[in-house]
Structures are given as structure tokens and as C-alpha cells.
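Each chain, letter by letter, is given below.
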Amino acid sequence: MGDVTAPGRRSPFADRALTWMVGIIVVDVFFICPLAETFSNNPAWFDLTLTVVLVLGALVVWGNLLLADVFVATGIVTIGTRLAAILMPEWDLRLYDALFAALNLFLLSALIGRRVLAPGRINAHRIQGAIAVYLLVGLLFGQVFRAIALHAPGAFLYLGKSVAYAEIAPHLTYFSFVSLTTLGFGDITPVHPIAKSMTLLAAVFGTLYPAVLIGRLVSQELLHER
């Protein structure tokens, strides 16, 4: 794999950016998302803020990389869709919002993953970048579950009951991380075939990712020491 940093950028700067990214994502997952669900009548404003911050971060750190350009383009589309969904709710763009957001998070995960596995010594910044990828995948599956719930009402049961999208939506990011970590509390149950399939995929990723990543990072460090 070639150098994934932009021309003129120094690798240590890109590595430090991984730490900034994981900090932003941790704040979003563990603080902003719960606050948005508890105190905001429209949590989309919090999602919009996070999208803008991540797009700006990619512009600063990964400029001149084609994958970054694609990510920024999809980020702009996501921002536009979310603004339209907030300001013009009668258009009901929630499904498109969820799909574009999932694509945007997938591209950002790929960007950070390339930096984590780039040639060079493994350091604390890259380990934190690997954590950022894991958290981003959790957010990604949250958007996938949103899209499923919008496309197929009743795809998820909440406390054993079929509920409207507005009742289940605030809990789908939480359900995503519960599935990713294979905790399985049982308060949210996927009943639609696609919902079951995506839940299984999240559980498989959450189980295999740490094992594969550790093996890759250890082998890369050993090769660098030779």
C-alpha cells in the first residue's frame, strides 16, 4: 500500500489527526447522541453538526486524495439532505438522509483505515484511529437500521411491541453498538429479514474486526523492526 497522505503533508500530522477524529467521534457517540435524544425535539441538528465537523476534518487532513474528495462530495450531499429534511419536513427525505449518511460514514471509515494501515511504525495515534473506525462502523449501522425502519415499518420491536418510527429511531444507534459488541440486551428485536441480516453482519464485524486488526498491526510492526 502506498503512502496515503496528501502531497506535502507529513505523516506525523496525519497520525495526530486520527486522535482528533476519535475524540470527535467519542464525544458524539457517548455525549451528544444521548443529549440529542433526551433534550432535543429534532436530533437531526446534532447529526448535521457532526457531519460538518467530519467533512472539515477530512478536508484539512486528507486533501488531494481521491477517496477524500469522494467523501467530501457525499458529505456535502448529506449536509444538504439533512438541511432540507429539517427545514422542509413535508418532503420526507429521512430515508435519503439515512442512506447518504451511511455512505458518508463508510467512506470516512475507509479513509481512516487507510491511514491506520499505512506503511510506517504503529503508534498510539494509529491505535486510536483503529478505535475511530470501530466507532464509525457503529454509527454507520445505526444509519442502516434507520433506513430499514423507514423502508419497512415494524422491522424492529421495542420492548416486545411494534412501535412507530419516531419511537424506535432514537434508540437505533444504541442498538447498533449493542449488536456490534454482541451484548444482546433484548430490548430491541429485529424481526424483518433485512433487519436480521444487518444485525448479524454487525455482530460478525464486531467479533472479527478486533482479531484481524490486532494481527495486522502486530505483523506490520514486526516487519518494520526487521
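Right above here is the structure, for reference.
Because the structure is predicted, anything quoted here is derived from the model rather than measured.

**Q** If you had to explain the packing of helix α3 (residues 66-87) against helix α4 (residues 94-116) to someone new, which residues and values would you point to?
**A** Two measures define how a pair of helices packs: the angle their axes make with one another and the distance between the axes. At a minimum axis distance of 9 Å, the contact between α3 and α4 shows a crossing angle of 155°. Viewed along their axes, α3 and α4 adopt a mutual orientation that is roughly antiparallel. Relative to α4, α3 is oriented so that their crossing is left-handed. Here α3 contributes Leu67, Ala68, Val70, Phe71, Thr74, Gly75, Val77, Thr78, Thr81 and Arg82 to the contact with α4, which in turn contributes Tyr96, Asp97, Phe100, Ala101, Leu103, Asn104, Leu107, Leu108, Ala110, Leu111 and Arg114. Taken together, the residues of the contact of α3 with α4 break down into 13 nonpolar, five polar and three charged.

**Q** Explain the sheet that holds strand β3 (residues 188-190) to me, using residue names and the numbers behind them.
**A** Pairing within the open sheet is antiparallel, and its three strands lie in the order β2-β1-β3. In this open sheet, the two strands that pair with only one neighbour each are β2 (161-162) and β3.

**Q** How would you summarise the packing of helix α5 (residues 124-151) against helix α7 (residues 172-180) if you had to cite specific residues and measurements?
**A** The geometry of α5 relative to α7 is characterised by a closest axis approach of 8 Å and an angle of 125° between their N-to-C directions. It follows from the interaxial angle that α5 and α7 lie oblique. For the element pair α5 and α7, the recorded crossing hand is right-handed. Contact residues: Tyr134, Leu135, Val137, Gly138, Leu139, Phe141, Gly142, Phe145, Arg146 and Ala149 in α5; Leu172, Thr173, Phe175, Ser176, Phe177 and Leu180 in α7. For the contact of α5 with α7, the residue count by class is eleven nonpolar, four polar and one charged.

**Q** How would you explain the environment of Asn123 if you had to name every residue and give the values?
**A** For Asn123, the position within the fold is in the loop between α4 and α5. Sequence spacing of Asn123 and Leu217 is 94 residues, and the spatial spacing of their C-alpha atoms is 9.9 Å. Within the structure, Asn123 has its side chain in polar contact with the backbone nitrogen of Arg126 (distance 2.9 Å).

**Q** Now, about the packing of aromatic side chains: what can you tell me, with residues and values included?
**A** In the structure shown here, the tally under the stated rule is six aromatic pairs. Between Phe156 and Phe175, the ring centres sit 5.6 Å apart and the planes meet at 70°, which makes this aromatic pair edge-to-face. Here Phe156 is found in strand β1 (residues 156-158), whereas its partner Phe175 is found in helix α7, with 19 residues between them in sequence. Each member of the pair, Phe156 together with Phe175, is buried. Seen from their ring centres, Phe205 and Tyr209 are 5.1 Å apart, and the 25° between their planes marks the pair as stacked. Within this pair, Phe205 and its partner Tyr209 are both found in helix α8 (residues 193-225), separated by four residues, close to a single helical turn.

**Q** Quick one: what's the story with the pattern of salt bridges, residue by residue and with numbers?
**A** Taken as a whole, this structure holds three salt bridges when the rule is applied. In this structure, the salt-bridge partner of Arg94 is Asp92, at a minimum N-O distance of 2.8 Å. Arg94 sits in the partly exposed class, given a relative accessible area of 34%. A salt bridge links Asp97 to Arg146; the nearest nitrogen and oxygen atoms lie 3.4 Å apart.

Cut-offs and rules
Residues numbered from 1 in each chain as written. Predicted model: local features only at pLDDT ≥ 70, side-chain atom pairs only at ≥ 80, totals over all residues. Heavy atoms only, no water. Axes fitted to C-alpha atoms, helices over the stretch in contact; angles between N-to-C directions. Helix = DSSP H or I, 4+ residues; strand = E, 2+ residues; numbered from the N terminus. Parallel < 35°, antiparallel > 145°, perpendicular 65-115°, else oblique. Left-handed = near helix turned anticlockwise from the far one by under 90°. Contact = heavy atoms within 4.5 Å. Nonpolar A, V, L, I, M, F, W, Y, C, P; charged D, E, K, R; others polar. Pairing = 2+ DSSP bridges. Polar contact = N/O pair within 3.5 Å; in protein donor to acceptor, adjacent residues only side chain to side chain. Phe/Tyr/Trp six-rings, centres within 6.5 Å; stacked < 30°, edge-to-face > 60°. Buried < 20%, exposed > 50% of the residue type's maximum accessible area, 1.4 Å probe, protein only. Salt bridge = Lys/Arg side-chain N within 4 Å of Asp/Glu carboxyl O.

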